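Spelled out from the first residue to the last, the chains are:
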Amino acid sequence: MTGQPTPLIVQYLYVHGKDEGFDYPTARSSSSAGAVAARYLECALVQSASLRLRDVDCELILATNISDRRVLGREGGELLERIESLGVKIMPTEYLHRPGDNSTTYMSSRYVLDAILAVTEGQPVERRVWLTDLDCVWANAERVFDATPPEEEVGCIHMPYPPDWDAVGFGDFGLTPNAIGEIVASMGGQAGPAKWVGGELLSGTPSALRELVGECDALDAQLAERGKVLAAEEQILSLAGALGRVRFRDLEHVARRLATGPRHK
């Protein structure tokens, strides 16, 4: 990383309003917006600590829509203060890329697109930005940084789902690799199951990531003309990759999704 700007690691958290519907099946938390926020702030604190524990040379940002910390309650407020004590910068970020069908399941999954636009504004062109889900830990940051994709590519994790696997429980919302592949074929692309882009990790230069958001916006507009909506970020990212609109590089050799709940033993 000699001569390169310090890597920028970005977490992102959308905090729901009191009357806003949402459903996060894997969070195992209550229906309270404050309780869900506290659960994910715990994750953000652990991820930040996993980097600070090893004195990793990086800048940390938490992109969030929190404007009034009182909505977090006492526990959430204390967690946010501890996160800031680790040198994490809070980046105010509005949620503009909401699901077009007003879906409540994983409703904030597309918030990553707004986080990209917020944190990459004004960044050095050669800087590498790493956007991660909140429930991540860093075991070997240097190894991950060494796997930085070329400037024109976006790093990700390709999930090896079977062609008909309903990855996150969206039912008939077209989430399977086969369903995305059918959309690809209807738009002039190559038929077949789409490579699935997991939402846990996205990495690239500011320009590559901003171009990714632009391609997602263009695809959303095209799909809207057809009366279709892809509600989750994994869906639209997988479609963009399968169409060749975004060049993804699989970083599975340095980053993986691990199921850690009690039911997974």
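Residues numbered from 1 in each chain as written. Predicted model: local features only at pLDDT ≥ 70, side-chain atom pairs only at ≥ 80, totals over all residues. Heavy atoms only, no water.

A. Looking closely at the overall build of the protein. The number of helices and strands found in the protein is seven helices and nine strands. A sequence separation of at least 24 residues applies to 75% of the contacts in the protein between residues at least 6 apart. (Helix = DSSP H or I, 4+ residues; strand = E, 2+ residues; numbered from the N terminus. Contact = heavy atoms within 4.5 Å.)

B. Structural detail: the pattern of salt bridges. Per the counting criterion, the structure on display carries 14 salt bridges. The salt bridge partner of Asp-68 is Arg-70, with a shortest N-O separation of 3.0 Å. Among the charged side chains, a network of salt bridges with common partners joins Glu-152, Glu-153, Arg-247 and Arg-249. (Salt bridge = Lys/Arg side-chain N within 4 Å of Asp/Glu carboxyl O.)

C. Representation of the packing of aromatic side chains in the model. All chains considered together, the criterion is met by seven aromatic pairs. Arranged with centres 6.3 Å apart and planes meeting at 70°, the rings of Tyr-161 and Trp-196 form a pair that is edge-to-face. Of this pair, Tyr-161 sits in the loop between β6 (158–159) and α5 (177–186) while Trp-196 sits in strand β7 (residues 196–197); the two residues are 35 residues apart in sequence, bridging distant segments of the chain. Pair check on accessibility: Tyr-161 and Trp-196 agree, each one buried. Members of the aromatic cluster, each reached through a chain of ring pairs, are Tyr-14, Tyr-95 and Tyr-111. (Phe/Tyr/Trp six-rings, centres within 6.5 Å; stacked < 30°, edge-to-face > 60°. Buried < 20%, exposed > 50% of the residue type's maximum accessible area, 1.4 Å probe, protein only.)

D. Seen up close, helix α2 (residues 73–85). Compared with the 18 Å implied by 1.5 Å per residue over 13 residues, the 18 Å span of α2 between its first and last C-alpha is a close match. On its buried side, α2 packs onto α1 (33–52), β2 (59–64) and β3 (88–92). (Expected span 1.5 Å × (residues − 1).)

E. Just the environment of Trp-138, in detail. By secondary structure assignment, the location of Trp-138 is in the loop between β4 (129–132) and α4 (141–146). Residue Trp-138 is classed as buried on the basis of its relative accessible area of 8%. With 89 residues separating them in the primary sequence, Trp-138 and Ala-49 have C-alpha atoms 9.1 Å apart. Non-local contacts of Trp-138, meaning those with residues more than four positions away in its chain, are made with Ile-9, Gln-47, Ser-50, Leu-51, Arg-54, Trp-130, Thr-132, Val-144 and Phe-145. At 3.0 Å, the side chain of Trp-138 and the side chain of Gln-47 are in polar contact. (Polar contact = N/O pair within 3.5 Å; in protein donor to acceptor, adjacent residues only side chain to side chain.)

F. Up close: the packing of helix α6 (residues 206–225) against helix α7 (residues 233–242). Contact geometry of α6 with α7 gives a least axis separation of 10 Å together with a crossing angle of 95°. Classed by the angle they form, the pair α6 and α7 counts as roughly perpendicular. On α7, the residues that touch Leu-212, Cys-216, Leu-219, Asp-220 and Leu-223 of α6 are Ile-236, Leu-237, Leu-239 and Ala-240. Of the residues belonging to the contact of α6 with α7, the class tally is eight nonpolar, no polar and one charged. (Axes fitted to C-alpha atoms, helices over the stretch in contact; angles between N-to-C directions. Parallel < 35°, antiparallel > 145°, perpendicular 65-115°, else oblique. Nonpolar A, V, L, I, M, F, W, Y, C, P; charged D, E, K, R; others polar.)

G. The arrangement of the pairing of strand β8 (residues 201–204) in detail. Burial along β8 is two-sided: Leu-201 and Ser-203 facing one way and Leu-202 and Gly-204 facing the other are all buried. In this sheet, β8 lies alongside β4 in antiparallel orientation, the contact comprising four bridges. Within β8, the position partnered with Thr-132 by the bridge is Leu-201. (Pairing = 2+ DSSP bridges.)

H. Geometry of the packing of helix α3 (residues 111–120) against α6. Their axes nearest at 10 Å, the elements α3 and α6 cross at an angle of 145°. Judged by the twist between their axes, the crossing of α3 over α6 is left-handed. Residue-level contacts link Leu-113, Ile-116, Leu-117 and Thr-120 of α3 to Pro-206, Leu-209, Arg-210, Leu-212, Val-213 and Cys-216 of α6. Of the residues assigned to the contact of α3 with α6, the class counts are eight nonpolar, one polar and one charged. (Left-handed = near helix turned anticlockwise from the far one by under 90°.)

I. Here's a closer look at unusual backbone geometry. Positioned with a positive phi, Asp-55 is a non-glycine residue whose angle comes to about 55°. Its place among the elements puts Asp-55 in the loop between α1 and β2. The exposure class assigned to Asp-55 is exposed, which follows from its relative accessible area of 68%.

J. Summary view of the side chain of Ser-50. Tracing the chain through its elements places Ser-50 in helix α1. There is a polar contact of 3.1 Å between the side chain of Ser-50 and the backbone nitrogen of Trp-138. Setting aside residues no more than four positions away along its own chain, Ser-50 makes contact with Val-137 and Trp-138.

K. Summary view of the side chain of Thr-120. Position of Thr-120 among the secondary structure elements: in helix α3. With residues near it in sequence (within four places) discarded, Thr-120 still touches Val-129, Pro-206, Leu-209 and Arg-210.

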